[in-house]
Amino acid sequence: VLLSPSFLPRLRQLSAHFLTTTASSSSLFLRRTTTSTMAAPAYASELQIAQLAVQRASILTKRVFHEKAKGTVDKNDKSPVTIGDFGAQALIIAALQHHFPEDAIVAEEEAAQLREDANLKQTIWDLVSSTKLDDPAAEELLGGPIKDIDSMLELIDRGNSLGGSSGRIWTIDPIDGTKGFLRGGQYAVCLGLMVDADVKVGVLGCPNLPIDDAARLTADIGANATDEGRGVLFSAVQGHGATSRALTAGALAAEKPIAMRAIDDLSKATFCESVEAGHSAHDDQALISKKLGITEPSVRMDSQAKYGSIARGAGDIYLRLPVKATYQEKIWDHAAGDLIVREAGGQVTDIHGKRLDFGVGRTLANNKGVIAAPAAVHDKVLQVVKEVLGAKQA
Ligand SMILES: Nc1ncnc2c1ncn2[C@@H]1O[C@H](COP(=O)(O)O)[C@@H](OP(=O)(O)O)[C@H]1O
Ligand SMILES: [Mg+2]
Ligand SMILES: [Mg+2]
Ligand SMILES: [Mg+2]
């Protein structure tokens, strides 16, 4: 059993766990007892690697924003994609490949375009090969640097899994809210692990959100923010709650549990939605908000920073109603946020009240739209969504 190939990744996992649980203990005896008598919490190793990988990828995205001309290139779907998206995806997959080489990965980007563009490829390689966590133990835990430029392209393309309903599947959005990123607004580096289509681990790096969990959402949230006081890492493990911590450039900062705000009066709720009118139906959402008695205007922000923000009670409700009936939401746009909100005391469904189904491929083909709200009021919000959308069809 010890020598079977399937045991190898597990062995690596165990040694990773050993390295971190023992990093601060000095006696060998203590180390032995720690590892033999304490059961590791569920998905502890996956969580730690995911958090550090997102943290490292976030450094790269910040470097792209601050140091580089933003290098926007056109993708087939005409969404802006930057060297940051490719670079962050390469760094995250490198860490996953090092620890969990058997796991499938569904990631947003692919390397095809880089293979044909030597300049772009080199620019990304320069960034990727020079981005490290500033804590050597943490950097080593992620497996250190990528070997060479071709390995980088292969790693990016490891994210081409078709997804599905069985086994371990990671999903990555290296930069979610690319348009927000380009504007200097909100964006998120997103990573989730699904096991048999159930999201078990979710991590969101939000470099432009305030660190302070108590900071309420406002209309100008994160717009052209300086780095001072900003950068949050949200995490959740199924059944173990959700946390936030400062996003750092090295080892993980101390975590705090987060929870959604208890709201008994929906008229006092803060609701958030996409900046982009093409991504969710602003007019329908305004009507729903009004019917709920909400008088404050919506807070518009890009990316899964919306999920993280309501999970820590900085806002309360996130509505994403379809603009076009044919659009299928992508699993990487929702997996981490869905778990983080539910672990913080929320409920997340589509406009029909169905939980998001991450087991049918790269898209949420079985769902339309998203409604995320505190569990106690989710039904009420859903009811109003149905009223408004029903009236439109009638
Ligand atoms: N017509 C559409 N409806 C809904 N979402 C869309 C869309 N077109 C693109 N998107 C997705 O919306 C995401 C951004 O969400 P938000 O509007 O909440 O910031 C994009 O992620 P990327 O920025 O990673 O490409 C993209 O996947
Ligand atoms: Mg995109
Ligand atoms: Mg996205
Ligand atoms: Mg993206």
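Residues numbered from 1 in each chain as written. Chains lettered and ligands numbered in written order. Predicted model: local features only at pLDDT ≥ 70, side-chain atom pairs only at ≥ 80, totals over all residues. Heavy atoms only, no water.

Caption draft 1: Highlighting the site of ligand 1. The local shell around ligand 1 holds 16 residues, among which S274, H279, S303, K306 and D333 are the closest. Within the backbone of T178, a nitrogen or oxygen atom sits 2.9 Å from an oxygen atom of ligand 1. D333 places a polar side-chain atom, nitrogen or oxygen, 2.6 Å from an oxygen atom of ligand 1. Compared with its free state, where it exposes 580 Å², ligand 1 has 86% of that area covered by protein. With three residues, strand 4 (residues 168-176) is the largest single contributor of residues to the shell around ligand 1. Taken together, the residues of the shell around ligand 1 sort by class into two nonpolar, six polar and eight charged. (Near = heavy atom within 4 Å. Polar contact = N/O pair within 3.5 Å; in protein donor to acceptor, adjacent residues only side chain to side chain. Areas by Shrake-Rupley, 256 points an atom, 1.4 Å probe, with all protein chains shown as cover. Helix = DSSP H or I, 4+ residues; strand = E, 2+ residues; numbered from the N terminus. Nonpolar A, V, L, I, M, F, W, Y, C, P; charged D, E, K, R; others polar.)

Caption draft 2: The arrangement of the nonpolar core in detail. Core analysis: the largest hydrophobic core is formed by 55 residues, its most contacted members being V128, I146 and M152. Beyond its immediate sequence surroundings of up to four residues, I146 is in contact with A90, L91, A94, W125, V128, S151, M152 and L155. In this structure, I169, A314, I340 and L356 belong to the second largest nonpolar core, which totals 40 residues. (Core = buried A, V, L, I, M, F, W, Y, C linked by side-chain atoms within 4.5 Å. Buried < 20%, exposed > 50% of the residue type's maximum accessible area, 1.4 Å probe, protein only. Contact = heavy atoms within 4.5 Å.)

Caption draft 3: Seen up close, the pattern of salt bridges. Using the criterion set out here, one finds 18 salt bridges in the structure. Between R312 and D213 there is a salt bridge; the shortest N-O distance is 2.8 Å. Placement of R312 in the loop between helix 11 (305-311) and strand 12 (317-320) and of D213 in the loop between strand 6 (198-210) and strand 7 (230-237) is noted, with a sequence separation of 99 residues between them. For R312, a relative accessible area of 6% puts it in the buried group. (Salt bridge = Lys/Arg side-chain N within 4 Å of Asp/Glu carboxyl O.)

Caption draft 4: Quick peek at unusual backbone geometry. Phi at Y43 is positive, roughly 55°, even though this residue is not glycine. Here S303, not a glycine, exhibits a phi torsion of approximately 80°, which is positive. Tracing the backbone through its elements, the reader meets S303 in the loop between strand 11 (299-300) and helix 11.

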